[in-house]
Structures are given as C-alpha cells and as structure tokens.
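Here is how the chains run, residue by residue.
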Amino acid sequence: MLFLICQSGFTQHEISIDAILDVNKNSLKITQSIRYKNTTGQTLDTLHFLDWANSFSSNTTPLGLRFNEDYRRDFHYAKNAERGATHVKSIVAESGENLNWTRPPGAPDILKIIPEKPLISGESLTLKLKYTVQIPSSKFTKYGYTKDGAFNLEYWYIAPAVYVDHWESYSNRDLQDIFLSPSNYSINLTLPVEYSVTSILEQRIVEKDSQLQKLHLWGKNQKEVKLYLDKINNFYTIEVDSIKVRSDVRVGKLDDLVLRSKVDSILNFLEYRLGKYPLNTLLISNIESNKNPLYGLNQLPNFLRPFPNDFQYEIQMLKSITDAYLENTLALNPRNEKWVSDGILVYLMMEYMNTNYPDMKLGGNLANFFGLRWFHGADLYFNEQYYLGYKNMARNLIDQSLNTQRDSLLKFNYNIANPYKSGLGLKYLEGYLEDTTVQKSIRQFYDDYVLQPCTSEDFRTVLESNSKKDITWFFTDFVGENDKIDFKIMRVKEDGDSLQITLKNKGKNLMPVSIHGLKGDSIISKYWVDGFNVKKTVSIPNKGEERLVVDYEKQIPEVKRNNNYRNLNGILNKPVQFRFIKDIEDPSRSQVFFMPVLEFNNIYDGVTLGGKFYNKTVLRRPFIYKITPTYGFKSKTLIGSLGFGGTYQFKDSGLYSLSASFNMNKSSYADKLFYRSVTPNVRLNFRNKDLRSNEHQYISLRSVNISRDKSPDIPLETPNYSILNARYTYSNSNFENIFRFYVDGELANNFSKVSTTVKYRKLFVNNRQIDLRLFAGTFLKNNTQADNGFFDFGLDRPTDYLFNYGYLGRSESEGLVSQQYLTAEGGFKSILGTRFANQWITTINAEASIWNWVFAYSDAGYIKNKGSSPQFVWDSGIKLSLVTDYFELYFPVASTNGFEMGQNNYGEKIRFKVTLSPKTLLGLFTRRWY
C-alpha cells in the first residue's frame, strides 16, 4: 500500500511562479507558491529545496570551488555583477506565518525550511516564497544573460528536492545533474514586449501593451523548466505525430524537409526501442547540444569535418533527443546513477548506427582520401569511437567505476569515458547472452518506470529476470569496479580432434570471454567461457582453425587487445607492420611507426633533421620504445636518442603504479663538443583515492651516467661521471593554490649533496597573487674543486650537469641565449658577482601581482663557499608573465649590484623564460580534463 502511494504521488508537487524580468538589472523578481505533497512514507520536520541560482554567489561555493579545480579563470576574475545569487525576502506558510529557514554550511544553494508542524506522509502543505534572482553571465555555463541581451535561464527558481530514504539534496557543480521530481507548473512571466520565450511548456499571451507582455506557461509532469528569452527567436518546431520538437540546432543550410526527415527517423527509432514518449514536447537547445556533444571528428571546425551536414545534424540530434527523452521521463538520480541512462543512451546510439549507417567509418570522408586510407584509423567504424574514448582513460590508469558519484569523476570520465563504458557494457552483455535480452529489458524498464521513481537496482532486476544466464558479474565487476579487462591466450595444444586452450585473465574480475576460431578471414567457431581467476584451460573441437582470437568481434572493452591472437600454423602470432606517422593501434599487427623529425633544441646543433622509429600509438601503451637518429646541420654530426619503458599498475590508490625506463642520448653541450648520457630510471607513483584531487606523490631513483668531450677552454678533472639521484615529490595544486615540495639527493664519487625546494602560489579572492619559493641545499662531501664549480649549487643559472633542463645554449656566458632563465636551485634573476656555492645555499624567491600579468619579484638568500663567510645576496625587479610558467620576461631593478636599471648594457641583464616542448604546452589544455 505504502509503495503504491509513493508511486502514484511522485508527481504531485504543484509549482506556481509569478516572475518579472528586469533586463536592466539582469534579475528576476519572483513570487512563488509550492504545494508540497509528502509521499515519502516518513514524517518530515524539515523540507529541503534546491536553490541552484545561489551557487553562483561567490568563489567559495561548491560551484566556485569546482571551477577552481578545473582551472577556470573566468569565474574567479568575474565582477560581482556578473555572478548570480538568490536574495530571499520571505518564506511563509499558507496561514501567513513566517517560516524559519537556513542554508547548510558549505551548501549555499540548498534551503532547509521548517514547516509550522511536522508534515505527515500523505499530507500536503503550501509554501509561499518571495525572492529575487540575480542572473549570472552566460560566460560561465552558457546559461544566464548574454552580451546580445538574451536570457538563457537554467536553475532560475527554487524547487523541492527529492526524498528517497533520505534527502537527495546536493549542490550545483556544473554537471547538469539536478535531481527533481516531475511536477506540475504554472508560470506567469512578465517581460519586455520585444522578447520571445521558448520552453518545454505550453504558453499563451495574457496581457500585452507597447512595452511589456505577460505570458502564461503551463505543463504537467515536467522535471525542470528552462527558459530561452531572446529578441530574435531562432527556434523552429518539428511536429511528429503528437510530439513537438523545439530546437535551434542547425548544421549548414539544411532545408526544413531534411530536418524533419532526420527528426522523424530518430523519434520512430526511439519509440520502437524505448516506448512512446508520454509528454508533448522535446526541447533541444544549441546550448545543451554544445555542452553535451558527440565527441569526435564532428567536433572539428566546419571546413575540416569529414561528415556531410545532414549526417552531422542527424547524429547530434540523435544524442540530444535521446538524452532529453530519457532525462525527461526516467526519474533516476543523475548524480549517483547516471550510468544507467548513459548506458542506454550510448547503446541506442550504437544500435541506430548499426541499423541506419552500418558502413559509416570513424573518419568519415577522410577514410577515402589518398594517403589517409592506409591508416588503421581509416578502417575503424563509427561505433568504435566509444571503445577508444573509454580505453584512453583506462590506458592512462585514471578510469573510474560506473557507480562512482558524478561529482567525483574526472571531467573526461563524466563527459566521455564512463558513458561510453556503460554503453559498451550493455553491448558486452548482449554479446554474452547471445539473444535480445538487453533490447527487451531496456524497453521493459522504460515502460515500467516512465515518470515513476526508479533506481539502478530496478534496472538490474529487469535485466536479471529476463536473462537465461547468470549476469551477476556485470553489476559486481563491470559496474561496481574499475578493474581492467585483459585476456590472453597462453598456449594451445592439439589433443586428438580437440584443442586445449589455456587462457589467462590478467585482470582481477570474473567476467566472461569469447574465443573465435578463424580460417582465412572467416569465423568457423565461437565459444563463450564464463569468468575465472588467473588461468583456465578449455577444450574445443578442432575444426581446422588457423588462428584463435580472443573477442574477435570486439564486444569486450578490453584495455589491451594486441595479446588476443594465436597463430596455429606459423611462427609469428601477428605480422609486423611498418606505418608512416603515429596511428591508432591495430591489435592484429605488430606495428612500428616512422615519423620525420625537424627540431631546434640548442644553438650548437642548430636545426636537426632525422626520423623517429617508435611503437607509441594515439592512445597510451603499457610499454613503449623510441629510437630517434637525427643530424645536426650546425654541428654536422649524427646525434639522437634511444629510450624504452613501461608502467605497471598495482591498485587504484596509494602506491598505485611502478614506472621504469632506460634512456640514451647524444647531443651537443657546447660548440663542437658532445655529451652522451645513459639513464636508467625507476619511479614509484602514489595517488589519492579521490582522482579529482590534484594531490600527487612520487619517489624516483635514477642513475645518470655522462661522458663528455673534453673542452680545451674549460679543463675538467671529471668530464665523465656517474651520479645516483633520488627524489621525493609532493604536489597539490589547483587554480587558487599551488603547493609543491621536493627533496633531492645526489651521490657521486667526488661529492654528495641534498637539497629541498618548496613552492607555494596563492590567488586571493581580490585577484591578487603571491608566489613563494624556498630552496636550500648543502654538500655532504665535495671534492670537486678541480672542476671549476661545475657541480656547485647555482644562484641564477645552474650548470645542469644532470642535463635536466632545456637550455638553448647551456655553455654560453654571453649573448641572448645566456640570458635564458629557468626556475632552478637559487632562482635569482640578476647575475651577481658570486654565482655558485660549493658548501651550502639558502634562497627565497617571492613574486606578487601588480596588475594582470605584471608582477614584482624579489629574491634573497645566503650562499656559503669554502674559506669564506656566508654572503647575503638579493635582487628585485618586474616580471611580465605573458603565459604563466611558459613564456615570461624579467626586468631587474635593483640588487646586490646596485640600481641595475641605471647601469650600462641593461639589455643584457633582462632574462627570459621560454618553453618549446609541445608536450608541456599541451598540459595547459588537458589539465581541465584529466
């Protein structure tokens, strides 16, 4: 009885709103009535409401902190008038009594309202609220007021939170995951007459004069109401049967007939696969479409996109319509159980492609271009992008389980990897069951729970009730864990008319695996093996198979497929394949890539030209090698490098992986002088259990072995040396705060030393910034006097005997390249009389922002050399931070040398920092996603 009451009462909230838009103040004045019905089965003494408009009120809200974690500058630097807020004037009961209300600590976008008396289950009460919503700028989330005077409104009103065993009230973190019950809405909106209004609701004009208009909007069983207010209405309406699709999504100049045919095809497909849409309208805005695109080649600029406009429109509308179809009708908690709707969404998209575009390639028209069609990427079908998206995170060891809360997911995971993995999981399950159970269960789940409360457990119940096999593994191992899936064939033995196949499960799960027998390119046998630990031997009939392949049909989202092949009639399991330029991994080939290399690394070698032979594919591999022979046109010598290494993961957090590498390098260190290095390296990687945390720890141990050509100008007693280097690194950084800590130790025949570096950067609420850096180092033993200070601590420009830094001219003492600055060791910018310390050194480097990218800097410290007293040194000046940490200029003002700006040759005192490494620069963009 109680369950039936909860089911029938789920949509009984009645929300009435009178709102007046003030276009000059970018605000809404709202009077709201909420008739709240308690269908929880509990007596409620406090009611929770979501006031997500107030999540924009400061830098320190959960939304503001989320922007900081994602390195979003726009919100931090925004003016108060650009941020949103809710100013509550009153909350009263139906009797007119003022009610007490609070905002929980740390959650300013949640309201807790205490009714006059506890609300018994089955009873209702009416609340009346008066408040003003300050609309935020659209530059933060695309919703808000725009520069063109439009208003795109999301989270613009206060709405009842959902109660399922407990209050599902959580803060806005820019995840598009508000959880609301379907409610009945009646809205009166007053706004200037030149504006049009688009929403999912029906509407009519109530009043209108020369300046203002009053519209009435209404609708039933709506979870959320978004409003698009604009002076120019770009929305069009396509009506298919009884469903109206309102959208402003366009691609190119497609005519209305094409748009209608595509939408008609999508809706017919969804009605057949899901069931009839119970509401009247689907609203598909360009904002939502761009916030949740189908990531891939169709994200390229228009002139580069390899797909025709009609297909781009169709595939984007397929995702947007399916997403809205599910979002509007399935009452799943989107923060905790989004994997269910995401999985259904991706599964349906894959089915739509298989039905309507079975031969569509991932590269579209590019797959047919001369030169490109030889790439393995050109052979991949459109649906294979989902596997690549998931595998990208799995290979980087930062994938997360499907039941991880959405606000704990990395951006790439909640946008791409986890939805893709969820859809792939349903296809995996479908392949294992070898029937239409998954299709049937999705349809049944939708029919049973449309506009009704439901959970992932309900979805599980439907699937298990329809399955003829035990599918416990899908929910416990595939959904509940993020253990990597990796099977391989260890050995095959002929036994009469049978084949004894020993399989190895390299993961820590009990998932099933398929084995395919091939003769030529034809499948002549297929078997499913239920989950097992470590190893299992199975016997299959010998039908003359030439090859055995694990998961030949690519139904299992394995992290590694290149160990799935076993050739029964030859020496090599897979043929060797040479490819020009990096490609997507082809698991059926042993690939070797070649790419020409044109670089400028230093002024001694000049421009270098050569080639790179390597096995690294577009996605990270567990073991990589690279051989790079190049020719320096200035040094007129063959130089280059060789390296290989790999990473092994232990677990998800704590000491989670071990990396090992071996590198050899030859390059110039001075004019016509070369160095050769051999460096084996081992690193232990520690990770926080919360992957969104930017906390990282490493322990590295390496042996740096250097041999150098002797210089007649600078004779060194030890031109060749070996140094054992150990380092511990701790880092915890976000947009507002950066903290890094290093402890470094070096041991060689003639010296040993230890040092520590502490870095701290703080961005204040008033947008002022300070940077502090402490360096302290001391020799434990130093018998290197004959080496002219080569191994000493450097005050402003270390000699870099470990060859860690990207010096353009490491041996230069004059000229432009000698003015290159790297933040290392002493960290001074001015060149002082004493530049090195052979006993100990302690320095502090400080910077403070003056205006935008203009900073003041100052350095101070002591250096101690043998036979002399500690010497105090200092400098100061102005820094122009054009690209923070990557391109900066330093202008000395005063130092131990005196007032430097008034001295001769001032131009030679200016220092510059430049980073040319593409990998380092790429980190500026990828840090938001990973």
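Residues numbered from 1 in each chain as written. Predicted model: local features only at pLDDT ≥ 70, side-chain atom pairs only at ≥ 80, totals over all residues. Heavy atoms only, no water.

**Student:** I tried to follow the overall build of the protein on my own but got confused; where do I start?
**Tutor:** Within the protein, the secondary structure is distributed over 13 helices and 47 strands. What you see for the protein is a C-alpha radius of gyration of 32 Å, in line with the 30 Å of a compact globule of 930 residues. Dimensions along the principal axes, computed over C-alpha positions, put the protein at roughly 90 × 85 × 55 Å. Split into buried and exposed, the 930 residues of the protein put 53% on the buried side. The contacts in the protein between residues at least 6 apart in sequence include a share of 62% that link residues at least 24 apart. Carbon and sulfur atoms form 53% of the exposed surface of the protein, whose accessible area is close to 41400 Å². (Helix = DSSP H or I, 4+ residues; strand = E, 2+ residues; numbered from the N terminus. Rg over C-alpha atoms; globule rule 2.2 N^0.38 Å. Buried < 20%, exposed > 50% of the residue type's maximum accessible area, 1.4 Å probe, protein only. Contact = heavy atoms within 4.5 Å. Areas by Shrake-Rupley, 256 points an atom, 1.4 Å probe, with all protein chains shown as cover.)

**Student:** Honestly, the side chain of Lys879 in this entry has me stumped. Any pointers?
**Tutor:** By the element assignment, Lys879 lies in strand β44 (residues 871-883). Among the residues examined, Lys879 registers a relative accessible area of 4% and is labelled buried. Among the polar contacts listed, one links the side chain of Lys879 to the side chain of Glu847, at a separation of 2.6 Å. Once residues lying within four places of it in the same chain are set aside, the contact partners of Lys879 are Glu847, Trp853, Val854, Phe855, Tyr857, Glu888, Leu889 and Tyr890. (Polar contact = N/O pair within 3.5 Å; in protein donor to acceptor, adjacent residues only side chain to side chain.)

**Student:** It is not clear to me how the packing of aromatic side chains should be interpreted in this structure. Could you clarify?
**Tutor:** Two numbers describe a pair of aromatic rings. These are the distance of the centres and the angle of the planes. Applying the stated criterion across every chain yields a total of 57 aromatic pairs. Taking the centre distance of 6.0 Å and the plane angle of 70 degrees together, the rings of Phe775 and Phe793 count as edge-to-face. Residue Phe775 is located in strand β39 (residues 769-782), and its partner Phe793 is located in strand β40 (residues 793-794); the two are separated by 18 residues in the primary sequence. Side by side, Phe775 and Phe793 carry an identical accessibility label, which is buried. Of the aromatic side chains, those joined through ring pairs into one cluster are Trp339, Tyr428, Tyr432, Phe445, Tyr449, Phe459, Trp473, Phe474, Phe475, Phe478 and Trp528. Above the face of the Tyr669 ring, Arg708 is positioned so that its terminal group lies 5.5 Å from the ring centre. The lysine or arginine in question, Lys753, covers the ring of Phe793, its NZ or CZ lying 4.1 Å from the ring centre. (Phe/Tyr/Trp six-rings, centres within 6.5 Å; stacked < 30°, edge-to-face > 60°. Lys NZ or Arg CZ within 6 Å of the ring centre and 35° of its normal.)

**Student:** What's the story with the pattern of salt bridges in this structure? I'm lost.
**Tutor:** Side chains that differ in sign of charge can pair as their charged atoms come close. Enumeration over the complete set of coordinates arrives at 41 salt bridges. Across the salt bridge formed by Lys506 and Asp486, the nearest N and O atoms sit 3.8 Å from each other. One end of the pair, Lys506, is in the loop between β22 (498-505) and β23 (513-519); the other, Asp486, is in the loop between α12 (472-479) and β21 (487-495), and 20 residues separate them in sequence. Taking the relative accessible area as the measure of exposure, Lys506 reaches 41% and is therefore partly exposed. A relative accessible area of 7% means that Asp486 is categorised as buried. Taking the shortest distance from any N to any O, the salt bridge between Glu847 and Lys879 comes out at 2.6 Å. Of this pair, Glu847 sits in strand β42 (residues 840-851) while Lys879 is found in strand β44, placing the two residues 32 residues apart along the sequence. For the pair Glu847 and Lys879, a shared accessibility class is recorded, and that class is buried. (Salt bridge = Lys/Arg side-chain N within 4 Å of Asp/Glu carboxyl O.)

**Student:** What is the right way to look at the pairing of strand β24 (residues 522-529) in this model?
**Tutor:** Each regular strand shows side chains that alternate between the opposite faces of the sheet. Pairing analysis gives seven bridges linking β23 to β24, with the strands arranged antiparallel. Bridging across to β24, Leu518 finds its partner in Ile523. (Pairing = 2+ DSSP bridges.)

**Student:** What should I look at first to understand a positive patch on the surface in this one?
**Tutor:** Together, Lys582, Lys616, Arg620, Lys626 and Arg683 line one region of the surface with positive charge. Residue class for Arg683 comes out partly exposed when judged on its relative accessible area of 31%. (Patch = residues over 30% accessible without salt bridge, like charges linked within 9 Å, V, L, I, M, F, W, Y side chains within 5 Å. Lys, Arg positive; Asp, Glu negative; His and termini not counted. Charge placed at Lys NZ, Arg CZ, Asp CG, Glu CD.)

**Student:** Whenever I open this one, the packing of helix α10 (residues 437-449) against helix α11 (residues 456-466) confuses me. Can you help?
**Tutor:** Packed helices, taken two at a time, are described by the angle between their axes plus the distance between the axes. Following both chains from N to C, one finds α10 and α11 inclined at 135 degrees, their axes separated by 9 Å at the closest point. Taken together, the axes of α10 and α11 lie oblique to each other. Note on packing geometry: the crossing formed by α10 with α11 is right-handed. Only Asp458, Phe459, Val462, Leu463 and Asn466 of α11 make contact with α10, whose side of the interface consists of Thr437, Val438, Lys440, Ser441, Ile442, Gln444, Phe445 and Tyr449. (Axes fitted to C-alpha atoms, helices over the stretch in contact; angles between N-to-C directions. Parallel < 35°, antiparallel > 145°, perpendicular 65-115°, else oblique. Left-handed = near helix turned anticlockwise from the far one by under 90°.)

**Student:** In this structure, what is going on with the sheet that holds strand β20 (residues 281-284)? I would like to understand it.
**Tutor:** Sheet strands line up and pair through hydrogen bonds in the backbone, either parallel or antiparallel. Overall, mixed pairing links the three strands, which are arranged β18-β19-β20 in an open sheet. The outermost strands of the open sheet, each flanked by one partner alone, are β18 (236-240) and β20. For this sheet, the mean inter-axis angle between neighbouring strands, taken without regard to orientation, is 20 degrees. As paired elements, strand β19 (residues 243-247) and β20 share four bridges and run parallel to each other. Opposite Arg246, over in β20, you have Leu283 as the bridge partner. Across the sheet, helix α4 (residues 256-273) touches β18, β19 and β20, and the angle it forms with β18 is around 50 degrees. Contacting β18, β19 and β20, helix α6 (residues 309-329) crosses the sheet at an angle of about 125 degrees to β20.

**Student:** Could you clarify how one ought to interpret the packing of helix α7 (residues 338-356) against α10 in this entry?
**Tutor:** Packing of α7 against α10 leaves a shortest axis separation of 12 Å and a crossing angle of 130 degrees. Taken as axis vectors, α7 and α10 run oblique relative to one another. Read as a crossing pair, α7 and α10 show a hand that is left-handed. Here Val340, Ile344, Tyr347 and Glu351 of α7 lie close against α10, whose contacting residues are Val438, Gln439, Ile442 and Phe445.

**Student:** Can you help me understand the sheet that holds strand β27 (residues 565-567) in this one?
**Tutor:** Read across the open sheet, the four strands follow the order β24-β23-β26-β27; overall the sheet is antiparallel. On the outer flanks of this sheet lie β24 and β27, each paired with one strand and no other. Direction aside, the axes of adjacent strands within the sheet are offset by 20 degrees on average. Relative to β27, strand β26 (residues 547-550) is paired through three bridges, and the arrangement is antiparallel. Paired with Val549 across the bridge in β27 is Tyr565.

**Student:** Help me understand unusual backbone geometry in this model?
**Tutor:** Leave glycine aside and you will find that most residues have negative phi; peptide bonds, for their part, are mostly trans. A positive phi is found at Asn26, a non-glycine position, where the angle reads about 55 degrees. You can see Asn26 is positioned in the loop between β1 (14-22) and β2 (27-37). Of the residues examined, Asn26 reaches a relative accessible area of 16% and is grouped as buried. One non-glycine residue, Asp165, lies in positive phi territory at about 70 degrees.

**Student:** Sorry if this is basic, but what is going on with the confidence of the model for the protein here?
**Tutor:** Detailed reading of the predicted model is not advised wherever pLDDT is low. Averaged over all residues, the pLDDT of the protein equals 91, while 96% of them reach at least 70. Low pLDDT, under 50, characterises residues 1-9; the predicted model gives this stretch seven contacts beyond four residues in sequence or across chains. (pLDDT = per-residue confidence, 0-100.)

**Student:** Which parts of the structure should I look at to understand the nonpolar core?
**Tutor:** Generally speaking, a soluble globular protein has its nonpolar side chains buried in company with each other. Ranked by internal contacts, the top residues of the largest apolar core, which has 166 residues, are Leu28, Trp156, Leu229 and Tyr313. Among the elements that line this core, the one with the most residues is α7, at eleven residues. Excluding residues that lie within four positions of it along the chain, Tyr313 makes contacts with Tyr236, Ile238, Val249, Val251, Leu254, Leu259, Lys262 and Val263. Judged by nonpolar contacts, the second largest core, of 25 residues, contains Leu673, Ile723, Phe751 and Phe790. (Core = buried A, V, L, I, M, F, W, Y, C linked by side-chain atoms within 4.5 Å.)

**Student:** Help me understand the environment of Ser733 in this model?
**Tutor:** Structurally, Ser733 is set in strand β36 (residues 721-733). For the pair Ser733 and Glu69, spaced 664 residues apart in the sequence, the C-alpha separation amounts to 8.5 Å. Excluding its chain neighbours within four sequence positions, the residues that come into contact with Ser733 are Tyr71, Asn694, Ile738, Phe739 and Arg740.

**Student:** Which parts of the structure should I look at to understand helix α2 (residues 62-69)?
**Tutor:** Along an α-helix, residues three or four positions apart point the same way, because every turn accommodates 3.6 residues. Among the eight residues in α2, six count as buried, and that is most of the element. Taken as a whole, α2 has its buried residues at Pro62, Leu63, Gly64, Arg66, Phe67 and Asn68. Contacts made by the buried residues of α2 are with α3 (73-76) and α9 (411-433).

**Student:** When you look at a nonpolar patch on the surface in this model, what are you seeing that I'm missing?
**Tutor:** A cluster of nonpolar residues, Leu598, Phe600, Val607, Leu609, Tyr631, Phe633 and Leu638, forms a patch on the protein surface that exposes about 690 Å² of accessible area. Elements represented by at least two residues in the nonpolar patch include exactly β29 (590-600) and β30 (607-614). Following the sequence through the fold, Tyr631 ends up in strand β31 (residues 623-632).

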